[in-house]
Amino acid sequence: MNGPDRNISAAPRTIIRQLDESAINRIAAGEVIERPASAVKELVENALDAGARRIAIDYADGGKTLIRITDDGCGMTAEDLPLALSRHATSKIDGSDLLNIHSFGFRGEALPSLGAVGRLTITSRTAYSDGMMITVSGGRMEAPRPAPINSGTVVELRDLFYATPARLKFMRSDRAEAMAIADVIKRLALAEPEVGFNLRDVSNGEARVMFRADPVSGDFFDALHGRVASVLGREFADNALRIDAPREDLRLIGYAALPTYSRGSSAAQYLFVNGRPVQDRMLYGALRAAYMDVLSRDRHPAAVLNIECDPHLVDVNVHPAKSEVRFRDPALARGLIVSSLRHALAEAGHRASSTVGAETLAAFQPEPSAPARVYQMERPSAGAIRHSFAYQAPAPDMGFAESPSARFEETPSQDIARPLGAARAQVHENYIIAQTENGMVIVDQHAAHERLVYERLKAQRDDKGIATQALLIPEIIDLSASDCTRLMEAAPELAELGLVIEAFGGSAIAVRETPAILGRVNAADLLRDILDDLADIGSSDRLQARMDAVLSSMACHGSIRSGRQMRAEEMNALLREMEATPLSGQCNHGRPTYVELKLADIEKLFGRR
């Protein structure tokens, strides 16, 4: 073959050179500053590390032509400014312990990197010194000079990547870059609820407020709840479960939404480690696993969660942008997320998202053509209602050509005080109408009973253990050496789930036993799916998910079918069991099993309010 000569001795001798400081900073900027949002993230984190209580962020043209960060932090002196623009100069660590990190930044790379690829101006003043300004453009630094400013710092970055024009070709549209900046600010706002943020788009000389979050006072959970409401909306805050779960040296705190408040994407997932926003695959995989049993694969949970731990238990210095972390015990962190969320969801019992009822009411309301008229009328007493019903009842000798489409049931009045009320009727042989103290509940009898049967089957399986079936002839599967090692490390956990494997010499694996509930299994495909999960997030719920899918199918076939007429005692028994069963507010696929309508909302539909 006439390929290139790979013998290095045949080529001219290359010379090793020491790059100049400007080239080093431009290379570093390529790692740290990927887009305008990256620059905003670094500068706002600097402001937070400086103790700022209010931070204003202005940008123009998606941050390509202007980024301005104004804070009321501690500020810098004239001696600090040139040092802040030097590489690896920082006030946040002393270099003796790179694991004991309590700040957002610690490398001292952001400011010199920004000065190397853009036009950077820093104006700052401390409480005990005069205001000073320093400018650096394309890596060329000017001397500090006096400037008027209140206590704090203003960092202005213009013409990002003007010194590396090739990077500009990889920028997205102004709208896309602006959305990325807003996402960064929202994540930092959730991490610091006691700090105020004001994000403005000042393109074309006009200032438009794109996001605003005022400081929230109170204890941590009250402050976080208020900030969550302003960032993610009141609906999320109203349908989120408070999470506060310790395990050994870790603690998980935050809010996680009910399964019926699921999203079509993972955009509403915000994860933090010691207050630092992270986008770590292992943590997101754990969040997904926690909701695996209550959401279909095309729906995503919404959550704001923070793992608190000793800084020595997690390494944040594993990614240029510090967006990924590495735990000393990743299995402990993952287990904390999965078990804590599952426990919180189970404790929520039959609770379903309030948005379900709101969507139902919206479906009832026609498009308004004129302002709704409110009719004032007195509410009749319970006795008047009974006499009215008796007077309007048809005479016994009157016949009807058709049977009624709904069946009315008399039930004990004390059941009305229960959370799901007392069954009053069944319509279309599928929906139970129940009356509560302040409204009504509509229950999908098939979906509700399917969840009840499913939970019952899982409890029986957990009590008796997972039955296995021994293969008459073990199935031998050839893998790569690394895959074989990874799989054997997970062998004890797989055995607890009924999959027994053992090494078979070289890089082969022998499958001895499989879970009996799965029936005939393609062991090779199952192991490869498990390997994909292990390589991606470090653990696998594939086997558990397959067994749960079988139980879910069994529950579907064993539950009350649509079209079956139910007696009053049967309907009330179903309601009482729903109240006592965890996760009964949603079916096995995450859809709601019931809808609750408040009496006040029903009265609005009829113009009574």
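Parameters and conventions
- Residues numbered from 1 in each chain as written.
- Predicted model: local features only at pLDDT ≥ 70, side-chain atom pairs only at ≥ 80, totals over all residues.
- Heavy atoms only, no water.
- Helix = DSSP H or I, 4+ residues; strand = E, 2+ residues; numbered from the N terminus.
- Buried < 20%, exposed > 50% of the residue type's maximum accessible area, 1.4 Å probe, protein only.
- Contact = heavy atoms within 4.5 Å.
- Areas by Shrake-Rupley, 256 points an atom, 1.4 Å probe, with all protein chains shown as cover.
- pLDDT = per-residue confidence, 0-100.
- Phe/Tyr/Trp six-rings, centres within 6.5 Å; stacked < 30°, edge-to-face > 60°.
- Pairing = 2+ DSSP bridges.
- Axes fitted to C-alpha atoms, helices over the stretch in contact; angles between N-to-C directions.
- Parallel < 35°, antiparallel > 145°, perpendicular 65-115°, else oblique.
- Left-handed = near helix turned anticlockwise from the far one by under 90°.
- Nonpolar A, V, L, I, M, F, W, Y, C, P; charged D, E, K, R; others polar.
- Core = buried A, V, L, I, M, F, W, Y, C linked by side-chain atoms within 4.5 Å.

**Remarks on the overall build of the protein chain**
Along its length, the protein chain carries 19 helices and 24 strands. Split into buried and exposed, the 609 residues of the protein chain put 47% on the buried side. Counted over contacts in the protein chain with a minimum sequence separation of 6, partners at least 24 positions apart contribute 69%. Roughly 31,900 Å² of accessible area belongs to the protein chain as shown, and the carbon and sulfur atoms make up 52% of that amount.

**Comments concerning the confidence of the model for the protein chain**
Interpreting fine coordinate detail is not advised for predicted regions of low pLDDT. With 81% of its residues at a pLDDT of 70 or more, the protein chain shows a mean pLDDT of 81. In this model, residues 372-377 is a region of pLDDT below 50 whose contacts with residues beyond four sequence positions or in other chains number eight contacts. Contacts from residues 391-404, a stretch scored under 50 in pLDDT, to residues over four places away or in other chains number one contact.

**Some words on the packing of aromatic side chains**
Here the structure, examined in full by the defined rule, presents three aromatic pairs. Measuring from ring centre to ring centre gives 6.1 Å for F221 and Y255, while their planes differ by 85 degrees; the resulting arrangement is edge-to-face. Taken as a pair, F221 in helix α7 (residues 220-232) and Y255 in strand β11 (residues 250-257) lie far apart in primary sequence, 34 residues in all. Considered together, F221 and Y255 belong to a single accessibility category, that of buried residues.

**What to know about the sheet that holds β11**
Read from one edge of the open sheet, five strands run β10-β11-β14-β12-β13, paired in mixed fashion. With partners counted over all chains shown, the strands left at the sheet margins are β10 (240-247) and β13 (276-278), one partner each. For this sheet the average axis-to-axis angle between neighbouring strands, irrespective of direction, equals 20 degrees. Sheet topology note: the β11/strand β14 (residues 303-309) ladder contains seven bridges and is antiparallel.

**Some details on the environment of V216**
With respect to the helices and strands, the residue V216 is situated in the loop between β9 (208-213) and α7. Judged by relative accessible area, V216 falls into the partly exposed class, the value being 21%. Sequence spacing of V216 and E194 is 22 residues, and the spatial spacing of their C-alpha atoms is 5.0 Å. Setting aside residues no more than four positions away along its own chain, V216 makes contact with P193, E194, D222, A223, G226 and R227.

**Thoughts on the packing of helix α6 (residues 174-191) against α7**
Contact geometry of α6 with α7 gives a least axis separation of 9 Å together with a crossing angle of 165 degrees. By the angle between their axes, α6 is roughly antiparallel relative to α7. In the packing of α6 onto α7, the handedness of the crossing is right-handed. In this structure, α6 uses K186, A189 and L190 to contact α7, whose residues at the interface are L224, R227, V228 and V231. A breakdown of the residues in the contact of α6 with α7 according to their chemical character gives five nonpolar, no polar and two charged.

**Describing the nonpolar core**
In this structure, V44, I55 and F197 are the most contacted members of the largest nonpolar core, which totals 64 residues. If you tally residues by element for this core, the top one is α6, at ten residues. Residues within four places of V44 in sequence aside, it is in contact with I55, I57, I69, I185, L188 and F197.

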